[in-house]
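Reading the structure
Here is how the chains run, residue by residue.
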Amino acid sequence: MSGLPVELHQHPGIWRGGELARTGCPGIASGFAALDAELPGGGWPCGALTEILPQHEGIGELRILGPALAQLASRKKFITWISPPHLPYAPALAAAGIALERILIVKTTRDSDSLWATEQALRSAACGGVLAWPRDIRYPQLRRLQLAAEDGRCLAVLFRATEAAREPSPAVLRIALATSAGGLALSILKRRGAPLSRPIFLPAAPPAAANRSTSTGFNIHVVDSLASAATAAGSISARFALA
């Protein structure tokens, strides 16, 4: 019994109220030191659900994931995009260091198909990251995705409208995005650990991306740009469709 308090304190599911939680596996570095310092595990969580709530589409919701996606692609992991609102701009992804042959895009016409595809991708163990844009999702469905993320132990990100912040969610991390002085203001609405009352301000591009843009002519901002279907379809290596 004397060792019980120590065992409890070392358990990854238990933390003191004034500190960040410990995690069972290291996070994926975001490429932004200020953000990593405030995330349990030192980066984007693996094996858990993350929700990103942008003020509007294209604000930078993909840019903040760019370095992490590049890491996953370099490890030969697939990155699956479920029902993105627009086809990604392939030249910008390549300029950000994200290997296009590691990207899979799933297009669906029904919400139920999107949720099914997201859950299967999370559980498959074939994906290093799953990005999804659910149009209509309820708590029980979110819970299923959280459990699937735990099984697959990959980066699992849902992009939702800002209004979703008023709804309960089992996601371990919820971040709202807004513009600020040419960069981004990230408000951590939920994390495992002490709450964060102040926003995190990120510059227009991380240093690595800024250096890369000098030589390539692309800036990591362009990851969030929209491409015509014709341009993107000819550049992305794989597309999958569900009836």
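See the structure shown above.
Residues numbered from 1 in each chain as written. Predicted model: local features only at pLDDT ≥ 70, side-chain atom pairs only at ≥ 80, totals over all residues. Heavy atoms only, no water.

Burial of nonpolar side chains together is a common tendency in soluble globular proteins. Counting 42 residues, the largest nonpolar core has Trp44, Ile64, Leu65, Trp81, Ile98, Leu131 and Leu186 as its most contacted members. When residues of this core are assigned to their parent elements, the largest contribution, five residues, is made by helix H3 (residues 66–74). With residues near it in sequence (within four places) discarded, Leu131 still touches Leu62, Leu65, Leu69, Thr80, Trp81, Ile82, Val157 and Phe159. In this structure, Ile82, Val106, Leu115 and Val130 belong to the second largest nonpolar core, which totals 19 residues. (Core = buried A, V, L, I, M, F, W, Y, C linked by side-chain atoms within 4.5 Å. Buried < 20%, exposed > 50% of the residue type's maximum accessible area, 1.4 Å probe, protein only. Helix = DSSP H or I, 4+ residues; strand = E, 2+ residues; numbered from the N terminus. Contact = heavy atoms within 4.5 Å.)

Looking now at the pairing of strand S7 (residues 183–190). Successive side chains on a regular strand alternate, one facing one side of the sheet and the next facing the other. Across seven bridges, strand S6 (residues 173–180) lies against S7 in antiparallel orientation. Among the inter-strand pairings, Ser180 is bridged to a residue of S7, identified as Gly183. Linkage of S6 to S7, two consecutive antiparallel strands, is achieved through a turn of two residues, within which Ala181 is found at a positive phi near 50°. With three bridges connecting them, S7 and strand S8 (residues 200–202) associate as antiparallel partners. Among the inter-strand pairings, Leu186 is bridged to a residue of S8, identified as Ile200. (Pairing = 2+ DSSP bridges.)

Let us look at the layout of surface pockets. Estimates place the volume of the largest pocket at around 470 Å³. Forming the boundary of the largest pocket are 25 residues, of which Glu57, Trp133, Pro134, Arg135 and Phe159 lie nearest the centre. A per-class count over the lining of the largest pocket returns 11 nonpolar, five polar and nine charged. (1 Å grid on protein atoms, 1.4 Å probe; cavity = no way out; pocket = protein on both sides within 12 Å on 5 of 7 lines; lining within 4 Å. Points joined across faces, edges and corners; volume = space filled by probe spheres on them. Nonpolar A, V, L, I, M, F, W, Y, C, P; charged D, E, K, R; others polar.)

Below, the discussion takes up the environment of Leu49. Relative to the elements of secondary structure, Leu49 occurs in strand S1 (residues 48–54). Between the C-alpha atom of Leu49 and that of Ala171, which follows or precedes it by 122 residues, the distance is 4.7 Å. The contacts of Leu49, once residues within four sequence positions are left out, are Leu142, Leu145, Gln146, Ala149, Ala156, Leu158, Ala171, Val172 and Leu173.

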